[in-house]
Amino acid sequence: MTAPHVAILDDEPEIRRMLSDALEEAGFRTTCYARATEFEAGLKRAQPDVCLVDLGLPDRDGLALVHRLALEQGAAIIIISGRAQVQDRVTGLELGADDYIIKPFDPTEVVARIRARLRKPRAEAAPAAQTADFAGWRAQFDRYVLTDAGGRETPFSHAEGEVLRLFLESPNRLITRAQMQEALGSGAGESFDRAMDVRISRLRTKLGEDPKNPRLIKTIYGAGYIFLGEVRWS
């Protein structure tokens, strides 16, 4: 089986070397980039499984890059940054990152976080099921696109797709915050809760939901969420 591929984008040579050494020792393949332009060119040649992205880049706004990657790439995105404020972490997660690691860090933690991100896809019972039809909508997880009954397409991010898939795989069942945290492999705390609220709010908007009375994704206050509807996978 081919080893998972991790793309590392950081302008500090020491960080790139430390991460590459730790990941390759753990059995991953790595490709390192110092600039966003090199990184984007590399993505056209080979699709990684995970992208490690520093926010303090010399040639591009890191958050803008993360947001574009979330919309256009199927890889998991993990931010590595010295920005330690809660709002910085929330913003990164809101823009589509799957995880946020604060510098300085232990490289073994990065390896563990990456393994956590890759664990869920390997465990899915039916990985070939990439299209779900529900309530007049079609979600295509291989393309990260929602299509309404009239054929209009709306893109969703990798992070939003993980939440949507979680709902669609367990329709008409309560999903607690603890279950979401375990399934999505993210850290607990205020930043996770706020990021989940934002992702669910964005999904509701893309599905044309009334925010005051959503009909598909229902909030059960103090408990979690329920997705109401019949789902057909193909």
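Residues numbered from 1 in each chain as written. Predicted model: local features only at pLDDT ≥ 70, side-chain atom pairs only at ≥ 80, totals over all residues. Heavy atoms only, no water.

**So, the environment of Gly62**
Tracing the sequence through the fold places Gly62 in helix 3 (residues 62–72). Expressed as a C-alpha distance, the spacing of Gly62 and Arg35, which sit 27 residues apart in the sequence, is 10 Å. Discounting residues that sit within four places of it in the chain, Gly62 has contacts with Asp54, Leu55 and Leu57. (Helix = DSSP H or I, 4+ residues; strand = E, 2+ residues; numbered from the N terminus. Contact = heavy atoms within 4.5 Å.)

**Comments concerning the packing of aromatic side chains**
By the definition in use, this model includes six aromatic pairs. Relative to Tyr225, the ring of Phe167 has its centre 6.1 Å away and its plane inclined at 70°; by these criteria the two rings are edge-to-face. Within this pair, whereas Phe167 is found in helix 6 (residues 158–169), its partner Tyr225 is found in strand 12 (residues 224–227), the two being separated by 58 residues in sequence. Here Phe167 matches Tyr225 in class, with each residue buried. Joined through ring pairs, the aromatic side chains of Phe141, Tyr144, Phe156 and Trp233 make up one cluster. The aromatic ring of Phe141 is capped on one face by Arg165, whose charged end is 4.6 Å from the ring centroid. (Phe/Tyr/Trp six-rings, centres within 6.5 Å; stacked < 30°, edge-to-face > 60°. Buried < 20%, exposed > 50% of the residue type's maximum accessible area, 1.4 Å probe, protein only. Lys NZ or Arg CZ within 6 Å of the ring centre and 35° of its normal.)

**Structural notes on the domain arrangement of the protein**
As far as domains go, the protein holds domain 1 (5–118) and domain 2 (131–233). The centre of domain 1, based on its C-alpha atoms, is set 25 Å off from the matching centre of domain 2. Facing 19 residues of domain 1, the contacting portion of domain 2 comprises 16 residues. Taken together, both faces of the contact between domain 1 and domain 2 bury some 1400 Å²; the carbon and sulfur share is 48%. At the junction of domain 1 and domain 2, the tally comes to one salt bridge. Here Glu162 ties to Arg117 by a salt bridge, and the two come within 2.5 Å at their closest N and O atoms. On inspection of domain 1 and its partner domain 2, the count reaches four residue pairs in polar contact (both at pLDDT 80 or more). Those elements that provide at least two residues to the side of domain 1 that touches domain 2 are helix 3, helix 4 (86–94) and helix 5 (107–123). Considering every element that reaches the side of domain 1 that touches domain 2, the biggest residue donor is helix 4, with six residues. (Domains from an automatic or database assignment. Buried area = accessible area lost by both parts, 1.4 Å probe. Salt bridge = Lys/Arg side-chain N within 4 Å of Asp/Glu carboxyl O. Polar contact = N/O pair within 3.5 Å; in protein donor to acceptor, adjacent residues only side chain to side chain.)

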